Amino acid sequence: MRRLRSQGPAQGRQPHADRGRDAGALPRRAWLGRSRARVHPRAGAQLFLVVLSQLLAAEGPGPAARSHVGQPRPREAGAQPPLRGGNPALGKPERPRAAGDGVRPLTASGPSPARRAAQAIDALRHGWPLAMDGGPVLLPVETAVARQASAQRMLISAARAETLKLANQREAAEPHAPVLIHGAEPFDLAAALPVADPALDLAAPLKGPFRAETIGWLEQAAAALELARIAGILPAFLVDPADAGETQPVAVSDLAAWADAAALAIATRARLPVSASEDAEIVAFRSADDLREHVALVIGEQRSDVAPLVRLHSECLTGDILGSLKCDCGPQLDAALHAMADEAARGGWGVLLYLRQEGRGIGLVNKLRAYRLQDQGFDTVDANRRLGLPDEARDFPVASRMLELLGVDEVRLMTNNPAKVEALMASGIAVAERVPHQLPANPHNTRYLSTKRDRSGHLLT
Ligand SMILES: Nc1nc2c(ncn2[C@@H]2O[C@H](COP(=O)(O)OP(=O)(O)OP(=O)(O)O)[C@@H](O)[C@H]2O)c(=O)[nH]1
Ligand SMILES: [Zn+2]
């Protein structure tokens, strides 16, 4: 069996008793006085600062504390006093500006491909247009800062085109291919938004007439839609708009470089007692260009001779933090941690990967948009498609890479989703067993769970 090299357990693991929080020993009432219970926390903090500054003032200026505050540094004999208001010989001070006013041509000496993709994702979130190498300028409809921009054409996803009843046109009939639409009138942002956003579907059901056109830059179009998904915005663009503003250059191949799981590395690790188990360690992962920080929780003592119980848990802010009843994420997270704690008590161990892939990879805002559509009667799959987004967009090679970095090459995977098993195996992790992980339904998630079973292939009863 292939054994992967571990980066090793944390150095200097301490018994729990050694790590009491010092803060607990502070005389809590000392700093807010007796009225603490009635003081609003923010007001309390302000009061604390006032008291602190009074105490400091009463103490007088300590020489060490004030040596560089408010006092001029001693000057050597003959030295010039510092210039106030800048050196007139240098002209007026100017803000630093990027070379070429920030326009970055795709040259070998420019930013690395992964960095360019990161900049493109950031640009979309800010509403700045992309200049696709070999394709047109694309302005994201949802976030565009160039409010006066307009274009004759829009780029949308196949799923959105289908919702807009365009799939009967030959150029829009390919199920997953991006669709270029030509409007009878140019699209300004007010006209483009209802095409992009299904929240407006009921208010304006007929948006056309549109003509679908052949795309001569299909790869660039697909990459742009993928970048929009990663940025968490609606996947719709004005194509070559007038007045789009400064563009962000990006090439199709940049995306693969950005998504390369090999860039992920362990950033740090620390002991983290949790309510399910006091014997747990958190490991944080980072890569240079992807700002999402994934974590793993290792429960029990890591052993190379026993395959751990593993759960790949995708971020769900609503379920994990707020206790949403619309999904099964919160109870699944809780039950997984307790199952791992039981496993550890029997001499085994567990690893929970907390993957920052909210809403199965479409991001929090788009997931909440999907929830709105679900309230109109669409199921979880159709709601995503109406948004023009895939119903599954998670990046499981990231999970395999995290396991590899932890030195885990074989797992007992807690899941009802066969796609997770396949994805892990495809990226080199042996799945010795699939451990079912079904939790009781509630009235709010019954339809969600049956859709998972009936449309997404989950093994649920
Ligand atoms: N787009 C979308 N995402 C959702 C919805 N409900 C839950 N999610 C997301 O789905 C993910 C939860 O999936 P998981 O429980 O990890 O995995 P799974 O594919 O359901 O498979 P299991 O391992 O069997 O639980 C989280 O990222 C949630 O935010 C929804 O209605 N729409
Ligand atoms: Zn959830």
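Residues numbered from 1 in each chain as written. Chains lettered and ligands numbered in written order. Predicted model: local features only at pLDDT ≥ 70, side-chain atom pairs only at ≥ 80, totals over all residues.

By the naming in an unreviewed UniProt entry, the chain is GTP cyclohydrolase-2, taken from Pelagerythrobacter rhizovicinus. The UniProt entry for the chain carries this comment under Pathway (unreviewed entry): "Cofactor biosynthesis; riboflavin biosynthesis; 5-amino-6-(D-ribitylamino)uracil from GTP: step 1/4." Here the chain is described in UniProt, under the heading Function (unreviewed entry), as follows: "Catalyzes the conversion of GTP to 2,5-diamino-6-ribosylamino-4(3H)-pyrimidinone 5'-phosphate (DARP), formate and pyrophosphate." (UniProt positions renumbered as here; feature names shortened; annotations may be inferred.)

What the 7 strands build is an open sheet, ordered β5-β4-β3-β6-β2-β1-β7; its pairing is mixed. Each end of this open sheet is capped by a strand with a single partner; those strands are β5 (210-213) and β7 (248-250). With strand direction ignored, the average angle separating the axes of adjacent strands in the sheet is 35 degrees. Set on the sheet, helix α5 (residues 189-196) makes contact with β3 (150-156), β4 (179-188) and β6 (236-239); between it and β4 the angle comes to about 145 degrees. The strands touched by helix α6 (residues 218-231) within the sheet are β1 (130-132), β2 (137-140), β3 and β6, with β1 carrying the most contacts at an inclination of about 150 degrees. (Pairing = 2+ DSSP bridges. Helix = DSSP H or I, 4+ residues; strand = E, 2+ residues; numbered from the N terminus. Axes fitted to C-alpha atoms, helices over the stretch in contact; angles between N-to-C directions. Contact = placed C-beta atoms within 7 Å.)

This brings us to the pairing of strand β11 (residues 309-314). With 6 of its 6 residues buried, β11 lies for the most part within the structure. The alternating pattern of β11 places Leu309, Arg311 and His313 on one face and Val310, Leu312 and Ser314 on the opposite face, and all of these are buried. As paired elements, β11 and strand β12 (residues 350-355) share 6 bridges and run parallel to each other. Counted as the bridge partner of Leu312 is Leu353 from β12. Bridge count between β11 and strand β13 (residues 410-414): 2 bridges; the pairing is parallel. (Buried ≥ 20, exposed ≤ 12 C-beta atoms within 10 Å, placed from the backbone.)

Looking at ligand 1, there are 23 residues lining it, with Ser314, Cys316, Thr415, Asn416 and Asn417 nearest. Of all elements in the fold, only β11, α9 (329-345), α10 (358-361), α11 (364-375) and α12 (380-386) reach the threshold of two or more residues within the shell around ligand 1. The greatest single-element share of the shell around ligand 1, amounting to 3 residues, is contributed by α10. Here the shell around ligand 1 is built from residues that sort into 5 nonpolar, 12 polar and 6 charged. (Near = placed C-beta within 6 Å. Nonpolar A, V, L, I, M, F, W, Y, C, P; charged D, E, K, R; others polar.)

Considering the arrangement of structural elements, one finds Arg434 in strand β14 (residues 430-435). Residue Arg434 is classed as partly exposed on the basis of its C-beta count, with 17 C-beta atoms lying within 10 Å. Ignoring sequence-local partners within four residues, the contact set of Arg434 consists of Leu413, Thr415 and Val421.

The next subject is the pairing of strand β9 (residues 280-286). Bridge count between strand β8 (residues 265-271) and β9: 6 bridges; the pairing is antiparallel. The partner of Arg269 across the bridge, within β9, is Val283. Both β9 and strand β10 (residues 294-299) contribute to a ladder of 6 bridges, which runs antiparallel. The residue bridging Ala280 from the neighbouring strand is Ile299, located in β10.

A few words on the domain arrangement of the chain. By domain assignment, the chain separates into domain 1 (109-258) and domain 2 (260-357 + 394-455). In this complex, domain 1 contributes 7 residues to the contact, which on the side of domain 2 involves 5 residues. When contributions to the side of domain 1 that touches domain 2 are tallied by element, the ones reaching two or more residues are α3 (113-126) and α7 (252-259). Among the elements that line the side of domain 1 that touches domain 2, the one with the most residues is α3, at 4 residues. Considered class by class, the residues forming the side of domain 1 that touches domain 2 number 6 nonpolar, no polar and 1 charged. (Domains from an automatic or database assignment.)

This part takes up the UniProt feature "active site" (unreviewed entry) in the chain. Under the UniProt annotation, the feature "active site" (unreviewed entry) is placed at Arg394. Following the sequence through the fold, Arg394 ends up in the loop between α12 and α13 (396-406). Classification of Arg394 as buried rests on a count of 20 C-beta atoms within 10 Å. Beyond its immediate sequence surroundings of up to four residues, Arg394 is in contact with Ser314, Gln357, Arg360 and Gly361.

Here the UniProt feature "binding site: Zn(2+)" (unreviewed entry) sits at Cys316, Cys327 and Cys329. Dropping the residues within four chain positions of it, Cys316 is found in contact with Cys327, Cys329 and Glu358. When the 21 C-beta atoms within 10 Å are taken as the criterion, Cys329 is described as buried. Setting aside anything within four residues of it in sequence, one finds Cys329 in contact with Cys316, Gly319 and Asp320.

The subject of this paragraph is the packing of α3 against α7. Relative to each other, α3 and α7 sit at 100 degrees, their axes nearing to 7 Å. As the angle between them shows, α3 and α7 are arranged roughly perpendicular. The residues of α7 that touch α3, namely those facing Pro113, Ala114, Arg116, Ala117 and Ala118, are Ser253, Asp254, Leu255, Ala257 and Trp258. (Parallel < 35°, antiparallel > 145°, perpendicular 65-115°, else oblique.)

Formed by 63 residues in total, the largest nonpolar core has its most connected members in Met154, Leu155, Ala224, Leu227, Ala236, Phe237 and Leu238. Considering each element in turn, this core owes the most residues, 8 residues, to α6. In terms of nonpolar packing, the next biggest core, distinct from the first, is built from 34 residues, Leu264, Ala276, Leu312 and Leu424 among them. (Core = buried A, V, L, I, M, F, W, Y, C linked by C-beta atoms within 7 Å.)

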